[in-house]
Amino acid sequence: MSETVLEARDVRRTFRVSAGFMKPKRPLHAVNGVDFSIKRGEVVGLVGESGCGKSTLAKMLLGLLPPTGGELLLEGRPISSLSRLEIAAKVQPIFQDPYSSLNPRKTIATIIALPLVVQGTPEDERRTRVAEIMELVGLPKRLAGNYPSQLSGGQRQRVAIARALINKPSIVVCDEPTSALDVSVQSQILNLLTDLRAEFGLTYLLISHNLAVVEHLADRVAVMYLGRIVEEAATKALYASARHPYSQVLLDSVLTPDPDLGVPDTHLGTAFPNPLDMPTGCAFHPRCPRAMPECATTAPTPLIDEAGRVECHLYGARAHRPASAEPAP
């Protein structure tokens, strides 16, 4: 069995935010009991609507936010027990916007070398490794003394990738790594990430709204809704036959190249709920096209089987049925 690089056990993050003028602060459960793991060399896609908790989870993985509950393990050690320096050596980000994630006053070589400087790598070794990683990500050596403003968007994202990989981290958190780029450049960056993974056995957590990007890169997909992972499965299985109604809605919402088909109708019952006023029972039930009476009162028990993991009352009977009661094949 492959080594587990990252594991989340009932991870929670709660903020206290104002509910309005002169009103007391109320809890907002941005991440509300997340369980998942990532094996070494695996790419796991994390998808869901804006506001579902994806970026908050990423910040906790990077050590930028402490969990308010549960535990995050990095190579078997609680992240809370690691220093900022240890976390930086093992987890590196590739951010969404290459125009704002690079220091405009630093040269490309200086930006790429920063993780090595933080770890105390000698200068001669830094220069050698910067030249090596620039070649690997497709950046000409002549750009080493340039500034970010002198580069295209795709080149800037290559700088961000080089900076993330130069210290050989255990896992790379890719937060919408192509969404700010032109379509033609997106494919180049995706191919680069794929090639680097194949060459070095890299481990990625890929956070994205773009389901086509996730399908192209990820081995496994976790679907997040209002702070919880409601379904997790192998990419091919989930795209072929998603089980949770929310996963099905996400897949149905993808635009097709045929303009005559128009905008897909997702059949969602209501708008995205107020996270300060969470629905009872299953959080998705007010919008679910397949909601049942128990969905409004009782949270579903997760079903874990050979197909993956799903939290939905549609599979509740299977989750509670004794083994002896399973139907014969």
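Residues numbered from 1 in each chain as written. Predicted model: local features only at pLDDT ≥ 70, side-chain atom pairs only at ≥ 80, totals over all residues. Heavy atoms only, no water.

**Quick word on the nonpolar core**
Item 1. The biggest cluster of nonpolar side chains holds 57 residues, and the ones touching the most others in it are I112 and I161.
Item 2. Beyond its immediate sequence surroundings of up to four residues, I161 is in contact with I94, V137, I189, L192, L193 and L196.
Item 3. A58, L62, M224 and I229 belong to the second-largest nonpolar core, a separate cluster that totals 30 residues. (Core = buried A, V, L, I, M, F, W, Y, C linked by side-chain atoms within 4.5 Å. Buried < 20%, exposed > 50% of the residue type's maximum accessible area, 1.4 Å probe, protein only. Contact = heavy atoms within 4.5 Å.)

**Remarks on the confidence of the model for the chain**
Item 1. Summary statistics for the chain give a mean pLDDT of 88 and a share of 90% for residues scoring 70 or more.
Item 2. When the criterion is pLDDT under 50, residues 317–329 qualifies, and its contacts beyond four places in sequence or with other chains add up to eight contacts. (pLDDT = per-residue confidence, 0-100.)

**Section: the side chain of T235**
Item 1. Relative to the helices and strands, T235 resides in helix α8 (residues 235–240).
Item 2. Of the polar contacts made by the side chain of T235, one reaches the backbone oxygen of A218; its length is 2.8 Å.
Item 3. Apart from residues no more than four positions distant in its own chain, T235 is found in contact with V214, E215, A218, D219, R220 and V221. (Helix = DSSP H or I, 4+ residues; strand = E, 2+ residues; numbered from the N terminus. Polar contact = N/O pair within 3.5 Å; in protein donor to acceptor, adjacent residues only side chain to side chain.)

**Structural notes on the side chain of H313**
Item 1. With respect to the helices and strands, H313 occurs in the loop between β12 (308–310) and α10 (316–320).
Item 2. Residue classification places H313 among the buried residues on the basis of a relative accessible area of 15%.
Item 3. In this structure the side chain of H313 is engaged in a polar contact, spanning 2.6 Å, whose partner is the backbone oxygen of T298.
Item 4. Filtering out sequence-adjacent residues up to four positions away, H313 remains in contact with M292, E294, C295, T298, A299 and P300.

**Things to note about the environment of L226**
Item 1. Take L226: it is sitting in the loop between β9 (220–225) and β10 (228–234).
Item 2. Among the residues examined, L226 registers a relative accessible area of 5% and is labelled buried.
Item 3. C-alpha separation for the pair L226 and F272, spaced 46 residues apart in sequence, amounts to 9.3 Å.
Item 4. Discounting residues that sit within four places of it in the chain, L226 has contacts with N32, C52, F272, P273, P275, M278, P279 and A283.

**Concerning the sheet that holds β10**
Item 1. Pairing in this open sheet of eight strands is mixed, and the strands run β6-β7-β8-β3-β9-β10-β12-β11 from one edge to the other. Two strands close off the open sheet at either side, each with one partner strand: β6 (91–94) and β11 (303–305). Across the sheet, the axes of successive neighbouring strands diverge by a mean angle of 20 degrees, strand direction being ignored.
Item 2. Sheet topology note: the strand β3 (residues 43–47)/β9 ladder contains four bridges and is parallel. Considered in β9, the bridge of V47 is made with V223.
Item 3. Contacts from helix α5 (residues 153–165) reach β6 and β7 (171–175), with the element oriented near 175 degrees to β6. (Pairing = 2+ DSSP bridges. Axes fitted to C-alpha atoms, helices over the stretch in contact; angles between N-to-C directions.)

**With respect to the state of the cysteines**
Item 1. Tallied over the entire structure, the rule returns zero disulfides.
Item 2. With no disulfide of its own, C52 has C282 as its nearest cysteine by sulfur position, at a separation of 14 Å.
Item 3. Take C52: its relative accessible area is 1%, and that puts it in the buried class.
Item 4. Not part of a disulfide, C312 finds its nearest cysteine sulfur in C288, a span of 6.3 Å. (Disulfide = S-S within 2.5 Å.)

**Section: the environment of L151**
Item 1. Mapped onto the fold, L151 is located in the loop between α4 (123–136) and α5.
Item 2. Looking at L151, the relative accessible area reads 7%, which means it is buried.
Item 3. Along the sequence, L151 and P279 sit 128 residues apart, while their C-alpha atoms lie 47 Å from each other.
Item 4. L151 has contacts with I108, N146, R156 and V159, leaving out every residue within four places of it along the chain.

**Here's the deal with the packing of α5 against helix α6 (residues 183–200)**
Item 1. Interhelical geometry of α5 versus α6 gives an angle of 20 degrees and a closest axis separation of 10 Å. Between α5 and α6, the angle is such that the two are roughly parallel. For α5 against α6, the interelement crossing comes out right-handed. Each of G154, Q157, R158, I161 and L165 in α5 lies in contact with α6, whose residues at this interface are V185, Q188, I189, L192, L193 and L196.
Item 2. Looking at the contact of α5 with α6 residue by residue, the class counts come to seven nonpolar, three polar and one charged. (Parallel < 35°, antiparallel > 145°, perpendicular 65-115°, else oblique. Left-handed = near helix turned anticlockwise from the far one by under 90°. Nonpolar A, V, L, I, M, F, W, Y, C, P; charged D, E, K, R; others polar.)

**Thoughts on the pairing of strand β1 (residues 4–18)**
Item 1. Here β1 runs beside strand β2 (residues 25–39); their pairing, made up of 12 bridges, is antiparallel. When the sheet's bridge partners are listed, F15 is paired in β2 with L28.
Item 2. Taking the residues between adjacent antiparallel strands as the criterion, β1 and β2 are bridged by six residues, where G20 takes a positive phi near 155 degrees.
Item 3. Here β1 pairs with strand β4 (residues 69–74) via five bridges, running antiparallel. Of the residues in β4, the one forming a bridge with E7 is L73.

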